[in-house]
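Residue strings, one per chain:
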Amino acid sequence: MKIGILAVQGDFAAHAAMLKHLGVDSVEVRTPEALDSCDALILPGGESTTQLQFLQEEGLDKAIRKFVASDKAVFGTCAGAILLAKKVKNPKQESLGLLDITVLRNGYGRQVHSDVVSGHTALKDEPLEMVFIRAPVIERIGPGVQVLAEYAGKPTLVQKGHVMAAAFHPELTGDDTVHRRFLKLAARNNGNGRGKARD
């Protein structure tokens, strides 16, 4: 498998390091052509407005929608979750609309309020470490969206089919649980576009 990582700005290198730790190849994605060679895609943290503008200018917004429509797995963290959301608030912002959630930008506070917490997860028995940096709050989830982790009564990691989103930064911890979950999604949909991801 080859995992693409949107490499516009933000913490894409940390995702690449986590994938390398797991023995998985990654490639930096800045063009639709680069995306074509990938089996799955990560949309990292950073500045969602800047990233969205770049996607639209390069035609990557349409390419990513086509990528998801072909049943390839996509995972967005922090700003990436904002890009995937169906509705963005505080302030209102365009998005790719690929996951039926509503997010509230900077819902956990600005960067000066960044924090590291632990929360309940369905992925393992132990609490999951979560790094929040100007993190969005997932305010609403649509039908069929599964909550995989939560903190303070709010979802922080969600999934529907082969699309997954985290309000926090799993790549900035020493815990590879979330990335392993994403790689399972990627493997189920790898190559043929026929396999629907199941939980």
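Up top you'll find the structure we're talking about.
An account of the accompanying structure is given in this report. Remember, predicted model here, so these are calculated numbers, not experimental data.

Reading guide: rules and limits
Residues numbered from 1 in each chain as written. Predicted model: local features only at pLDDT ≥ 70, side-chain atom pairs only at ≥ 80, totals over all residues. Heavy atoms only, no water. Helix = DSSP H or I, 4+ residues; strand = E, 2+ residues; numbered from the N terminus. Contact = heavy atoms within 4.5 Å. Axes fitted to C-alpha atoms, helices over the stretch in contact; angles between N-to-C directions. Parallel < 35°, antiparallel > 145°, perpendicular 65-115°, else oblique. Nonpolar A, V, L, I, M, F, W, Y, C, P; charged D, E, K, R; others polar. Pairing = 2+ DSSP bridges. Buried < 20%, exposed > 50% of the residue type's maximum accessible area, 1.4 Å probe, protein only.

Further remarks concern the side chain of H15. Here H15 shows up in helix α1 (residues 12-21). Apart from residues lying up to four places away in sequence, H15 is in contact with I5, I42, P44, T77, E171 and H179.

Helix packing geometry: the angle between the two helix axes and the distance between the axes. One way to put it is that helix α3 (residues 48-58) packs onto helix α4 (residues 60-69) with a least axis distance of 5 Å and a crossing angle of 90°. Our classification of the angle between α3 and α4 gives roughly perpendicular. Contact residues: α3 offers F54, L55, Q56 and E58, while α4 offers L60, D61 and I64. For the contact of α3 with α4, the per-class residue count stands at four nonpolar, one polar and two charged.

Attention shifts here to the sheet that holds strand β10 (residues 146-151). Strand order in the open sheet formed by nine strands is β2-β1-β3-β4-β12-β11-β10-β7-β8, and the pairing between neighbours is mixed. The open sheet has two free edges, formed respectively by β2 (25-29) and β8 (128-132), since each of these has just one partner strand. The mean inter-strand angle of the sheet, taken between neighbouring strand axes irrespective of direction, is 25°. Note: strand β11 (residues 154-160) against strand β12 (residues 163-166), four bridges, orientation antiparallel. Opposite Q159, over in β12, you have M164 as the bridge partner. Along the sheet, α1 contacts β1 (2-6), β2, β3 (40-43) and β4 (73-77); its crossing angle with β1, the most-contacted strand, is approximately 165°.

Let's shift gears to the environment of T156. As for its position among the elements, T156 is in strand β11. Its relative accessible area of 0% is what places T156 among the buried residues. Spatially, the C-alpha atoms of T156 and G59 are 29 Å apart, while their sequence positions differ by 97 residues.

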